[in-house]
Amino acid sequence: METQLDHAAVRAAAERLAGIVRPVAVVPAAEGVRYALEYLQHTGSFKARGAHNFFAAHRAAGTLPAAGVTMASGGNAGIACAWAARAHGVPATVFLPANARPVKVARLRGYGADVRLVGDRYSEALAASQEFAAAHGALAGHAYDHPLIAAGAGTLLEEIRDALPGLDAVVVAVGGGGLFAGIATAAREHGVHVTAAEPENCRALNAALEAGRPVDVPVESVAADSLGATRVSADALAAAQRGDVDSVLVTDAQIIAARRELWEEHRIVVEAGAATALAALRSARRLPGKRVAVVLCGANTDPADLTAPVPGDA
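In this report, we go over the structure that sits alongside the text. (Residues numbered from 1 in each chain as written. Predicted model: local features only at pLDDT ≥ 70, side-chain atom pairs only at ≥ 80, totals over all residues. Heavy atoms only, no water.)

### Some remarks on the overall build of the protein chain
Selection criterion: Helical segments are the DSSP runs of H or I of at least four residues, strand segments are the runs of E of at least two, and each set is numbered from the N terminus. In this scheme, a residue with accessible area under 20% of its type's maximum is buried, one over 50% is exposed, and one in between is partly exposed, where area comes from a 1.4 Å probe on protein chains only. In this analysis, two residues are considered to be in contact whenever any of their non-hydrogen atoms come within 4.5 Å of each other. To measure how exposed things are, a 1.4 Å probe is used in the Shrake-Rupley method; for residues, cover is taken only from the protein chains shown.
Counting its regular elements, the protein chain contains 12 helices and 10 strands. C-alpha atoms of the protein chain, sized along the principal axes, occupy 50 × 40 × 40 Å. Residues counted as buried form 56% of the 314 residues belonging to the protein chain. Excluding contacts between residues fewer than 6 apart, the proportion of contacts in the protein chain whose partners are at least 24 apart in sequence is 71%. Carbon and sulfur atoms make up 49% of the accessible area of the protein chain, which amounts to about 12600 Å² in all.

### Topic: helix 8 (residues 204-211)
Within helix 8, burial applies to Ala204, Leu205, Asn206, Ala207 and Ala208. Against helix 7 (178-190), strand 8 (193-199), helix 10 (234-242) and strand 9 (245-250) lie the buried residues of helix 8.

### Observations concerning the sheet that holds strand 6 (residues 139-140)
The test is simple: A strand pair is defined by DSSP finding two or more bridges across the two strands. With axes taken as lines fitted to C-alpha atoms, and helix axes fitted only over the stretch in contact, angles between N-to-C directions fall between 0 and 180 degrees.
Judged by pairing direction, the sheet is parallel, and its 4 strands sit side by side in the order 5-4-3-6 without closing on themselves. With partners counted over all chains shown, the strands left at the sheet margins are strand 5 (114-117) and strand 6, one partner each. Bridge count between strand 4 (residues 92-96) and strand 5: 4 bridges; the pairing is parallel. Considered in strand 5, the bridge of threonine 93 is made with aspartate 114. Strand contacts of helix 4 (residues 102-110): strand 4 and strand 5, with the helix running at about 150° to strand 5, the strand carrying the most contacts.

### Looking at the packing of aromatic side chains
Basically, it comes down to this: Note on aromatic pairs: the rings of Phe, Tyr and Trp (six-membered ring only in Trp) are paired at centre separations within 6.5 Å, and the planes decide the class, stacked below 30 degrees, edge-to-face beyond 60, tilted for the rest. Any Lys NZ or Arg CZ that is within 6 Å of a ring centre and within 35 degrees of that ring's normal is treated as a charge sitting over the ring.
Under the definition given, this model contains 2 aromatic pairs. Seen in terms of ring centroids, phenylalanine 54 and phenylalanine 55 are 6.1 Å apart; in terms of plane orientation they differ by 75°. Their pairing is edge-to-face. The exposure class of phenylalanine 54 is buried, given its relative accessible area of 3%. Given a relative accessible area of 1%, phenylalanine 55 falls into the buried group. Directly above the ring of tryptophan 263 sits arginine 267, whose terminal nitrogen or CZ lies 4.2 Å from the centroid.

### Considering the sheet that holds strand 8
Reading across the sheet, the 6 strands line up as 1-2-10-7-8-9 and stay open at both edges, with mixed pairing between neighbours. The outermost strands of the open sheet, each flanked by one partner alone, are strand 1 (26-30) and strand 9. When the angles between neighbouring strand axes are averaged without regard to direction, this sheet yields 25°. Bridge count for strand 8 against strand 9 is 6 bridges, and the pairing is parallel. Bridge pairing links alanine 196 to serine 247 in strand 9. Docked against the sheet, helix 8 engages strand 8 and strand 9, running at close to 110° with respect to strand 8.

### Describing the pattern of salt bridges
Here is the rule we go by: Only one rule defines a salt bridge in this text: a Lys or Arg side-chain nitrogen within 4 Å of an Asp or Glu carboxyl oxygen.
One pass over the structure, following the stated rule, counts 11 salt bridges. For the salt bridge of glutamate 2 with arginine 16, the shortest nitrogen-to-oxygen distance reads 2.9 Å. Here the residue glutamate 2 occupies a position in the segment before helix 1 (7-17), and arginine 16 occupies one in helix 1, the gap between them amounting to 14 residues. Note that glutamate 264 is salt-bridged to arginine 260, the shortest N-O span being 4.0 Å. With glutamate 264 and arginine 260 both in helix 11 (residues 252-266) and 4 residues apart, the pair spans about one turn of that helix. We classify glutamate 264 as partly exposed; its relative accessible area is 48%. A cluster of three or more residues bridged by salt bridges with shared partners is formed by Arg101, Lys104, Asp225 and Glu271.

Here you go:
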């Protein structure tokens, strides 16, 4: 079982995921730009990749307990954990902040998870999940800060390259950094540029790059339910420092506009976290390459607010 994040771990994850996850669809969006429709993945987000890789690796190693797995989540990672736990026949106990989106709580319960709402920050839910693991013998999972989780997410880059030969660059939203770390690790192997997109008030990676180490940041954004980690993972920071990566910050107004554009122009419904990647591309002065893929990573959202006005609109 892999204990560090590298390209070998991504290749191992791809073997475990073969025939389990849905290969990503990559479709034309504009000249030089493709959308990677990962929101069509099982559970509605890329998180299914890391979750299955985590469960499958532990089952093969004989370290998946009957008490199951527990983790903290803003929603999407917990949904994927519950999906994978059901497939492996073990319980999932998922801790969420009490202000988690109702649509995500409902999906979690639909997959049979024991859902527990604690505090109003991811860090509080994480502390509660760690206490539960210690008390009940459950395996402690993590929403993003684990090499198996990140390696599973990294398989997405390999599939995008298969679908789009000659890929120059990929744009991906960053929260705690699991998706980014996996994608950047695989991208470095293939010489692909990565644009890391974050809301300006959820800038865990951007702040870590400035400080040279992971640091705590305030969390306040329309995309906070999926990108609202207070601290980025060490693996994500290392991947950003080693690879061909640039960090881009966008406003909530830009995120809302990008989400609305996806709906109005393509009839694509995604959550604000996924739209953050497109917002970053829209804010760039030029494309980071001739063949660019924008990862639309999740769609566990309520579409009722798609037509809400963008802040600042006349």
